[in-house]
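Each chain, written out:
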Protein chains: 4
Amino acid sequence: MDTTADRPRQVQAEDCVLSGASAAKRAQILAGAARVFAEHGYEGASMSGIARDAGVSKGTLYNYFDSKATLFSAFVEQCACEKMPLLFSRIDEGANLTESLDHLAVAMVRLFTSPLSLMLNRIIISEAGNFPALAETFWKHGPQKAINILSAWLMQHNDAGVLNIPDPVFAAEQFYALCQTRIAARARMQLPVNTDEAHITFIARSAVRTFLNAYMREDPRLPPFVMERAPD
Amino acid sequence: MDTTADRPRQVQAEDCVLSGASAAKRAQILAGAARVFAEHGYEGASMSGIARDAGVSKGTLYNYFDSKATLFSAFVEQCACEKMPLLFSRIDEGANLTESLDHLAVAMVRLFTSPLSLMLNRIIISEAGNFPALAETFWKHGPQKAINILSAWLMQHNDAGVLNIPDPVFAAEQFYALCQTRIAARARMQLPVNTDEAHITFIARSAVRTFLNAYMREDPRLPPFVMERAPD
Amino acid sequence: MDTTADRPRQVQAEDCVLSGASAAKRAQILAGAARVFAEHGYEGASMSGIARDAGVSKGTLYNYFDSKATLFSAFVEQCACEKMPLLFSRIDEGANLTESLDHLAVAMVRLFTSPLSLMLNRIIISEAGNFPALAETFWKHGPQKAINILSAWLMQHNDAGVLNIPDPVFAAEQFYALCQTRIAARARMQLPVNTDEAHITFIARSAVRTFLNAYMREDPRLPPFVMERAPD
Amino acid sequence: MDTTADRPRQVQAEDCVLSGASAAKRAQILAGAARVFAEHGYEGASMSGIARDAGVSKGTLYNYFDSKATLFSAFVEQCACEKMPLLFSRIDEGANLTESLDHLAVAMVRLFTSPLSLMLNRIIISEAGNFPALAETFWKHGPQKAINILSAWLMQHNDAGVLNIPDPVFAAEQFYALCQTRIAARARMQLPVNTDEAHITFIARSAVRTFLNAYMREDPRLPPFVMERAPD
DNA sequence: GATGAATGAGCTTTCATTCAT
DNA sequence: GATGAATGAAAGCTCATTCAT
């Protein structure tokens with residue numbers, strides 16, 4: 001028996017009160033699903049558990065989502081489309097180029113240790129084989145967007161003659177990679193990482209210095225940036 | 001989760017024939033487990049499937065491993081202890097510093113796209129919450145060892161006055177991070193990556209140049225390395 | 001299981017507009033139920049599916065019928081009372097006795113392969129244990145009526161001296177059984193049957209000949225009917 | 001996960017004790033399944049109920065049969081292949097042709113009211129759409145076989161000049177149909193039928209007389225069989 | 001030591017029915 | 001009167017684990 005007749009369609013902005021209630025219930029279910037999927041992963045989560053956590057019956061779950069896989073996809077897509085963008089905020093213009101990049105690097109390092117980002121990474125890596133579309137979605141709304149914004153910003157400074165960047169997209173990707181130094185890989189595996197303010201600042205600044213030593217247009221009057229030791 | 005409790009220990013040279021057979025059967029089981037866990041993950045693998053793939057009965061599985069969790073741990077530990085080291089081979093000494101690092105960077109980029117490494121990463125990230133010890137083991141035998149070797153090597157060149165590295169461990173970690181540019185994150189999510197020889201070489205050389213521009217002791221007679229565009 | 005309890009009764013001529021609408025909706029629901037029950041049987045049909053097919057909400061279903069069982073009974077009774085009689089049309093008087101019986105036999109053979117009759121048979125046989133009343137109803141409006149009409153007709157010819165029928169009801173039942181030769185049992189089981197015009201005619205004629213050889217008053221001047229081979 | 005590794009293969013005659021136990025368990029399950037399917041039909045039966053009735057766990061059910069459908073098929077096939085033949089016993093040779101046919105007709109009428117035959121009929125008609133193969137199997141081992149034996153027997157008497165049967169198979173089918181007079185259709189629908197010895201004998205004898213009046217080679221010295229009234 | 005049949009809790013999913021709107 | 005969201009019992013099926021042989 002096809003259940004599509006029993007389920008609410010995607011709510012539109014102009015939908016009436018009933019549809020608003022529908023959308024609210026949908027959100028309520030997604031919230032419960034988020035908690036359970038985040039904690040137990042896809043296979044480890046049970047629809048019973050999600051129903052309990054969301055405060056609805058199992059039947060209601062299936063009124064809103066065709067299957068566990070559908071619910072999972074909806075959860076990941078929502079995170080990717082609605083919550084990820086909040087993490088990739090605009091590049092804060094600092095007093096100068098170095099400061100701006102420093103701000104950005106700190107934000108990125110923080111991102112790589114944020115629970116939401118880590119959870120999404122973990123879940124998408126776990127289920128990449130079974131839900132290839134989710135990895136695409138996540139990548140497009142997350143890393144891809146960040147790299148695009150950064151590469152555009154780098155190109156501006158390249159054109160302004162401050163930086164010398166033959167391949168801005170790749171440079172952005174290097175910057176993205178440098179910001180993962182020391183903590184990202186360990187955080188993904190839930191190994192302890194030092195998230196002290198000082199340590200994060202050090203990692204971010206080190207990323208910026210390494211990056212700028214490679215891409216700053218050489219100016220005979222300026223010495224290269226000096227690398228530092230990590231704080232104790 | 002301890003796998004050493006009441007199971008046949010690793011055979012010693014003086015062990016009798018029976019123990020030898022025991023060790024062989026253990027290896028046989030692990031081989032089957034490896035195939036099944038690698039393909040289906042922890043939750044997706046069934047003990048029946050492993051028994052079938054290993055060519056033993058389910059009862060025998062439980063004679064050698066207390067539980068699915070124990071078998072899984074043993075499988076991951078074996079990969080980490082026996083197979084990972086083969087991937088992190090010695091730094092090939094090249095004609096000079098740059099060449100040596102180039103070789104190493106290429107090896108690392110290749111590592112990050114090797115099926116074994118990706119599978120282990122995926123499996124450990126998936127089950128990090130349920131098997132924290134595995135992440136530790138993996139880290140110790142994989143990335144940690146690589147970083148240690150590299151940092152020692154960097155320190156040598158620092159002491160020799162070629163490089164100027166205030167924090168060799170962190171520098172090694174930056175090198176490690178730089179080698180992940182563009183492909184590692186995507187490969188982990190099973191998104192398509194370009195593994196052409198030319199592209200891998202480009203990523204590796206770019207990592208080395210960015211790295212050396214930051215850490216090469218400044219020599220007024222030498223210009224900094226010039227960054228390049230990616231090949232088409 | 002009684003469907004007449006607290007539901008809108010059959011509308012009378014003097015009923016108001018609302019009751020007319022009520023009866024129409026009831027018919028609309030029954031039409032949907034007919035399609036779904038006919039296709040999926042009792043257990044296989046879902047109230048959601050019936051509601052969808054009938055174009056009403058599930059709630060409305062329950063406003064008109066107390067339960068799935070009630071709706072099913074109403075559907076079967078409607079078929080039996082309204083549609084079956086159409087199948088058991090009057091005996092077409094032919095030019096003579098043999099021709100009349102031939103016409104009737106062909107009609108009966110056709111009946112036993114008609115989709116509606118087969119569906120009703122199948123459904124009633126399936127649910128006979130759970131809905132004993134339905135079998136009674138069906139029998140009364142279907143086979144029983146046919147046998148009654150036929151036995152009355154036979155009795156006329158008996159009294160007219162053409163036939164010699166000591167037990168007209170039983171004779172009618174034999175005729176009814178003879179018309180089922182070869183195809184009825186197979187059609188009930190959805191096994192392939194030959195419904196070619198020629199084949200049906202052969203079965204019908206054979207039934208009539210066998211019947212008349214047994215019940216025709218012996219007339220020394222007339223030879224018995226000769227049985228034939230089936231057409232290729 | 002494929003469960004085929006966990007299930008026992010079809011036991012052979014020469015199988016050892018273990019396989020004997022396996023076959024016994026299989027039979028035990030089939031016995032339970034028979035009771036439950038016979039009572040509730042396919043859809044109405046639950047695997048839990050069958051497990052309970054058979055005295056095994058649900059898991060064991062699935063160790064022996066892949067699915068509910070498989071178990072159902074096995075049950076029907078077993079009935080058709082092993083139990084049906086017992087019902088279609090050989091034609092008891094009577095003192096003469098009429099007596100032989102009388103014996104056979106009585107056996108057939110009894111068959112059409114036997115609980116096993118009725119149950120099989122009911123179940124196969126119910127599930128003919130979903131299990132077309134079962135109807136084929138049933139037909140082949142039941143009616144088909146009976147008709148074959150009977151038609152061969154009729155042909156012998158035809159060749160011996162006693163009967164005059166242009167189409168022995170069709171004649172056998174008419175005999176088969178005649179034996180269903182009055183009771184078969186009603187029994188299939190679980191409507192009350194008169195199974196008194198006298199009544200069954202009457203139906204059987206009437207079938208034989210009607211049949212012989214059509215197919216007995218005309219012998220001017222012999223009058224046709226006289227039809228009778230049913231006993232009160 | 002090896003086997004694999006047996007277990008039963010637990011899974012995802014369906015659906016008749018209710019009831020607030 | 002009509003709606004359809006919500007319910008929750010019950011379905012078919014899986015699988016880690018045990019244990020008699």
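Chain A carries the name TetR family transcriptional regulator in an unreviewed UniProt entry, which gives Komagataeibacter medellinensis as its organism.

Caption draft 1: Up close: the overall build of chain A. In terms of helices and strands, chain A carries 11 helices and zero strands. Mapped from its N terminus to its C terminus, chain A presents α and β elements in the order α-α-α-α-α-α-α-α-α-α-α. A buried classification covers 50% of the 232 residues belonging to chain A. A fraction of 68% describes how many contacts in chain A between residues 6 or more apart in sequence connect residues 24 or more apart. Surface accessibility of chain A: about 10,900 Å² in total, with carbon and sulfur atoms responsible for 52%.

Caption draft 2: Summary view of the interface of chain A and chain B. With 45 residues of chain A at the interface, the matching set in chain B holds 45 residues. Interface area, chain A with chain B, both sides summed: about 4,200 Å², of which 65% is carbon and sulfur. Broken down residue by residue, the surface that chain A buries against chain B is led by Ile-125, Phe-170 and Met-189 of chain A, which jointly contribute 16%. Scanning the region where chain A abuts chain B turns up two salt bridges. Note that Arg-182 of chain B and Glu-173 of chain A form a salt bridge whose closest N and O atoms lie 2.5 Å from each other. Here chain A and chain B share nine residue pairs in polar contact (both at pLDDT 80 or more) between them. Counting residues per element, the ones that place at least two in the side of chain A that touches chain B are α1 (17–44), α6 (115–127), α7 (132–141), α9 (168–178), α10 (184–188) and α11 (197–215) of chain A. Considering every element that reaches the side of chain A that touches chain B, the biggest residue donor is α11 of chain A, with eight residues. Here the side of chain A that touches chain B is composed, by residue class, of 23 nonpolar, 11 polar and 11 charged.

Caption draft 3: Quick peek at the relation of the copies chain A and chain B. Superposing chain A onto chain B takes a rotation of 179 degrees plus a shift of 0.1 Å along the axis, which leaves an RMSD of 0.3 Å. The transformation just described matches what one would write down for a two-fold rotation axis. Both copies share a contact surface, since 100% of the interface residues of chain A are interface residues in chain B too.

Caption draft 4: Representation of the interface of chain C and chain D within the structure. Counting residues at the interface gives 45 residues for chain C and 45 residues for chain D. Surface buried jointly by chain C and chain D totals about 4,100 Å² across both partners, of which 65% is contributed by carbon and sulfur atoms. Of all residues in chain C, Ile-125, Phe-170 and Met-189 of chain C give up the largest surface area on contact with chain D, accounting jointly for 17% of the area buried on that side. Linking chain C with chain D are two salt bridges, by the criterion used here. Scanning the region where chain C abuts chain D turns up nine residue pairs in polar contact (both at pLDDT 80 or more). Those elements giving two or more residues to the side of chain C that touches chain D turn out to be α1 (17–44), α6 (115–127), α7 (132–159), α8 (168–178), α9 (184–188) and α10 (197–215) of chain C. It is α10 of chain C that contributes the most residues to the side of chain C that touches chain D, eight residues altogether. Considered class by class, the residues forming the side of chain C that touches chain D number 23 nonpolar, 11 polar and 11 charged.

Caption draft 5: Structural detail: the environment of Ala-45 of chain D. All names here are of chain D. Note on placement: Ala-45 falls in the loop between α1 (17–44) and α2 (47–54). Owing to a relative accessible area of 4%, Ala-45 belongs among the buried residues under this scheme. With 12 residues separating them in the primary sequence, Ala-45 and Ala-33 have C-alpha atoms 8.6 Å apart. Here Ala-45 is in contact with Val-36, Phe-37, His-40, Ile-50 and Lys-68, once residues within four sequence places are set aside.

How each quantity is defined
Residues numbered from 1 in each chain as written. Chains lettered and ligands numbered in written order. Predicted model: local features only at pLDDT ≥ 70, side-chain atom pairs only at ≥ 80, totals over all residues. Heavy atoms only, no water. Helix = DSSP H or I, 4+ residues; strand = E, 2+ residues; numbered from the N terminus. Buried < 20%, exposed > 50% of the residue type's maximum accessible area, 1.4 Å probe, protein only. Contact = heavy atoms within 4.5 Å. Areas by Shrake-Rupley, 256 points an atom, 1.4 Å probe, with all protein chains shown as cover. Buried area = accessible area lost by both parts, 1.4 Å probe. Salt bridge = Lys/Arg side-chain N within 4 Å of Asp/Glu carboxyl O. Polar contact = N/O pair within 3.5 Å; in protein donor to acceptor, adjacent residues only side chain to side chain. Nonpolar A, V, L, I, M, F, W, Y, C, P; charged D, E, K, R; others polar. Least-squares fit on C-alpha atoms with pLDDT ≥ 70 in both.

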